[in-house]
Amino acid sequence: MSKWSDLQRLHEVKKGRHILDLFDESRAGEFSVTADGMLFDYSKTNIDGETRAALLRLAEVSGVAEKRAAMFSGAKINDTEGRAVLHVALRAGEEARIEVDGKDVLPEVRRIRAACAAFARDVRSGAFRGAGGRITDVVNIGIGGSDLGPAMACLALAPYADGPRCHFVSNVDGAHIHDVLQGLDPTTTLVIVASKTFTTIETMTNADTAKRWMAAKVANPAAQFAAVSTAGDRTAAYGIDPARVFGFEDWVGGRYSMWGPIGLSLMIAIGPEAFDQFLAGGRAMDRHFLTAPFAANMPVMLALVGVWHNQICGHATRAVLPYDQRLARLPAYLQQLEMESNGKRVAIDGSDLETHSGPVVWGEPGTNGQHAFYQLIHQGTRVVPCEFLVARKGHEPDLAHQHLLLVANCLAQAEALLRGRSLQEARAILAKKGLTGAELERQARHRVFPGNRPSTVLAYEQLTPFTLGQIIALYEHRVFVEGVILGINSFDQWGVELGKELALALQPVLEGRADTGGKDGSTAALVAFLRG
Ligand SMILES: O=P(O)(O)OC[C@H]1O[C@](O)(CO)[C@@H](O)[C@@H]1O
């Protein structure tokens, strides 16, 4: 019997019932979890007490507690790369001590955080200046984990941004950097080259372009460059003054790195004090994750709901639907966090996974999505578990009535997914409008909502730096728990390598310096077309 059998059996037995029938006066309270002011409600799923107990057993037999202790202790759990996994060290408190290879890593973390804060203060106060004076704009050049986190967070925390404007360039498509630099003054712009490896082709190509753009107006463009990287030798070779190079260790994975120097652009935008609040939110979630019993543990329960929907019920995707416009980039951020971490087909020991890998993650903010793809979510043939996020209040007190409408829409969508609309109800609506006979029947069928579709709601007071820290750490730990249950290494990303290698080999072919020998017919034909 595998560790999945119990849950598979429960799914078979219970899949025909309606979630609505599970509700009594206590379900909403019993099937939700709180953590430092945040509420995660998973009562609108087909999980009952028996299923939850089986899910909790799955977490236990999978060794979640042991792996969690190993991660926080600095053990090298990323064993295909021989690295510890210590993004939690980047937000650890003053009292913490975490050793890697017998050395406490926190003094260095604190030193670099203080250096980033000092630089951010200088940029914000005007003590650090460009050739044309005070820095007005910051351009962060990076991709993947060196872009998505700070870009997502700068938008999320816009109400707290009182520093220079921050812009983000990631794509190697020249259109991206062209459009961002257009309208900026090179003499008052600071460029941050953010790359863990400092070899990523997109980032280095864009950095060269930015340097040329700046050189047209600034005698020494390198003086307006800073770098964030683990590769001090390469940043030095690139000509960036070590005083403006902020390093971090290889035990911080790219998609987990926004808590450290990769968050420099965010720190410049909102200031080191607000950035500290962001760290404090992450730290609060770490404490909760480490101490709450599994049944009351938000990351564990979020993960178990995810495993239930994906691995057990077979729903291949999940939609992240923030009813919070400033979380517009959260789905993109989570796509990397979840899919680069858990999109793997072999277990740590190299054997095939016993189940599917992690799900496809996608989404858009509400209410926009309602007018785009919710049609499929409500009436399509596939079930898409939906994860709603919503704040009790916005940042615009004079627009509180709009916030109310936003919240009403969020709750209404979750309710509609749960409740649906039966054929009888649809018939009654149409009969009132005067339809009869075959036409009533035909029209009614189009207006049926099957309902019984699962969703969860993550509700919080307001999208502050602290709350954002909680949310991001929550999802990080969710990915971790799901990875442990699947038996995979969530911290490597070998699946991105092949495409990179082939792109490098195709470059000379497209330039006409090499031929298409050895390429498949489709690639050769496309090269011929695109080369012109
Ligand atoms: O920070 P770097 O080294 O430029 O890497 C950027 C991104 O590229 C990846 O390695 C994937 O291609 C991500 O894991 C990483 O976040």
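Not measured: the values here are computed from a predicted model. (Residues numbered from 1 in each chain as written. Predicted model: local features only at pLDDT ≥ 70, side-chain atom pairs only at ≥ 80, totals over all residues. Heavy atoms only, no water.)

(A) Inspection of the site of the ligand at higher detail. Near the ligand lie 14 residues; those nearest to it are G145, S146, S195, T197 and T200. Contact distances for the ligand include 2.6 Å between an oxygen atom and a side-chain N or O atom of T197. About the coverage of the ligand: the protein hides 87% of its 390 Å² of free accessible area. Taken together, the residues that form the shell around the ligand break down as two nonpolar, nine polar and three charged. (Near = heavy atom within 4 Å. Polar contact = N/O pair within 3.5 Å; in protein donor to acceptor, adjacent residues only side chain to side chain. Areas by Shrake-Rupley, 256 points an atom, 1.4 Å probe, with all protein chains shown as cover. Nonpolar A, V, L, I, M, F, W, Y, C, P; charged D, E, K, R; others polar.)

(B) Layout of the nonpolar core. Of all hydrophobic cores here, the largest spans 116 residues; its most connected members are L190, W251 and L468. At twelve residues, helix 18 (residues 465-486) tops the list of elements feeding residues into this core. Once residues lying within four places of it in the same chain are set aside, the contact partners of W251 are A84, V85, L86, H87, A89, L90, V100, V105 and V109. Residues I177, V193, M204 and A207 belong to the second largest nonpolar core, which totals 22 residues. (Core = buried A, V, L, I, M, F, W, Y, C linked by side-chain atoms within 4.5 Å. Buried < 20%, exposed > 50% of the residue type's maximum accessible area, 1.4 Å probe, protein only. Helix = DSSP H or I, 4+ residues; strand = E, 2+ residues; numbered from the N terminus. Contact = heavy atoms within 4.5 Å.)

(C) Region of the structure containing the packing of helix 11 (residues 272-291) against helix 18. The N-to-C vectors of helix 11 and helix 18 enclose an angle of 40 degrees; their axes lie 7 Å apart at closest approach. Taken together, the axes of helix 11 and helix 18 lie oblique to each other. The crossing of helix 11 and helix 18 is right-handed. Each of A274, Q277, F278, A280, G281, G282, A284, M285, D286 and F289 in helix 11 lies in contact with helix 18, whose residues at this interface are P465, F466, L468, G469, Q470, I472, A473, L474, H477, F480 and V481. (Axes fitted to C-alpha atoms, helices over the stretch in contact; angles between N-to-C directions. Parallel < 35°, antiparallel > 145°, perpendicular 65-115°, else oblique. Left-handed = near helix turned anticlockwise from the far one by under 90°.)

(D) Expanded view of a nonpolar patch on the surface. Nonpolar side chains collect at one region of the surface, where L510, L526, F529 and L530 lie side by side and expose about 460 Å² of accessible area between them. No other element matches the three residues that helix 20 (residues 521-531) contributes to the nonpolar patch. Secondary-structure assignment places L510 in helix 19 (residues 497-511). Note on L510: relative accessible area 42%, which makes it partly exposed. (Patch = residues over 30% accessible without salt bridge, like charges linked within 9 Å, V, L, I, M, F, W, Y side chains within 5 Å. Salt bridge = Lys/Arg side-chain N within 4 Å of Asp/Glu carboxyl O.)

(E) Summary view of the environment of L20. Relative to the helices and strands, L20 resides in the loop between helix 1 (5-14) and helix 2 (27-30). Taking the C-alpha atoms as reference points, L20 and R453, separated by 433 residues in sequence, lie 9.9 Å from one another. L20 has contacts with L418 and R419, leaving out every residue within four places of it along the chain.

(F) The arrangement of the sheet that holds strand 11 (residues 245-247) in detail. With parallel pairing, five strands are arranged side by side in an open sheet as 8-7-9-10-11. The open sheet terminates on both sides in strands that have one partner only, identified here as strand 8 (165-169) and strand 11. The sheet shows a mean angle of 20 degrees between the axes of neighbouring strands, direction not considered. Where strand 10 (residues 225-229) and strand 11 come together, three bridges link them in parallel fashion. Bridging across to strand 11, V228 finds its partner in F246. Packing of helix 8 (residues 201-215) onto the sheet brings it into contact with strand 7 (137-141), strand 8, strand 9 (189-194) and strand 10, and relative to strand 9 it is tilted by some 160 degrees. (Pairing = 2+ DSSP bridges.)

(G) Examining the packing of aromatic side chains more closely. Counted according to the given criterion, the structure contains 14 aromatic pairs. Measuring from centroid to centroid gives 5.2 Å for F119 and F128, while their planes differ by 70 degrees, and the two rings are edge-to-face. An identical accessibility class is assigned to F119 and F128; each is buried. Each ring, one from W362 and one from F373, has its centre 4.8 Å from the other, and the planes form 65 degrees; the classification is edge-to-face. Here F373 lies in the loop between strand 13 (360-362) and helix 14 (374-379) and W362 lies in strand 13, a separation of eleven residues in the sequence. Every member of this aromatic cluster is reached through a ring pair, and the members are F72, Y256, F289, F480 and F491. Over the face of the ring belonging to F23 we find R27, whose NZ or CZ atom lies 5.4 Å from the ring centre. (Phe/Tyr/Trp six-rings, centres within 6.5 Å; stacked < 30°, edge-to-face > 60°. Lys NZ or Arg CZ within 6 Å of the ring centre and 35° of its normal.)

(H) Inspection of helix 5 (residues 106-125) at higher detail. Look at helix 5: 28 Å from first C-alpha to last across 20 residues, which is about the 28 Å you get at 1.5 Å a residue. Of the positions making up helix 5, those classed as buried are L106, V109, I112, R113, C116, A117, F119, A120 and V123. The buried residues of helix 5 occupy an angular sector of 165 degrees when the element is viewed end-on, so they sit on one face. Structurally, helix 5 contributes buried residues whose contacts are with strand 4 (103-104), strand 9, strand 10, strand 11, helix 10 (264-270) and helix 11. (Expected span 1.5 Å × (residues − 1). Arc of directions from axis to C-beta.)

(I) Fine view of the pattern of salt bridges. Applying the stated criterion to the full structure yields 34 salt bridges. Residues R91 and E476 are paired through a salt bridge, measuring 2.8 Å at the closest nitrogen-oxygen approach. Remark: E476 occurs in helix 18 and R91 occurs in the loop between helix 4 (64-73) and strand 3 (99-100); sequence separation between them is 385 residues. For the pair shown, R91 and E476 are each scored as buried. Between R121 and E273 there is a salt bridge, and its shortest N-O distance comes to 3.0 Å. Of this pair, R121 sits in helix 5 while E273 is found in helix 11, placing the two residues 152 residues apart along the sequence. When its relative accessible area of 41% is taken as the criterion, R121 is described as partly exposed. A single network of salt bridges, built from pairs that share partners, joins R318, E338, E387, R478 and E482.

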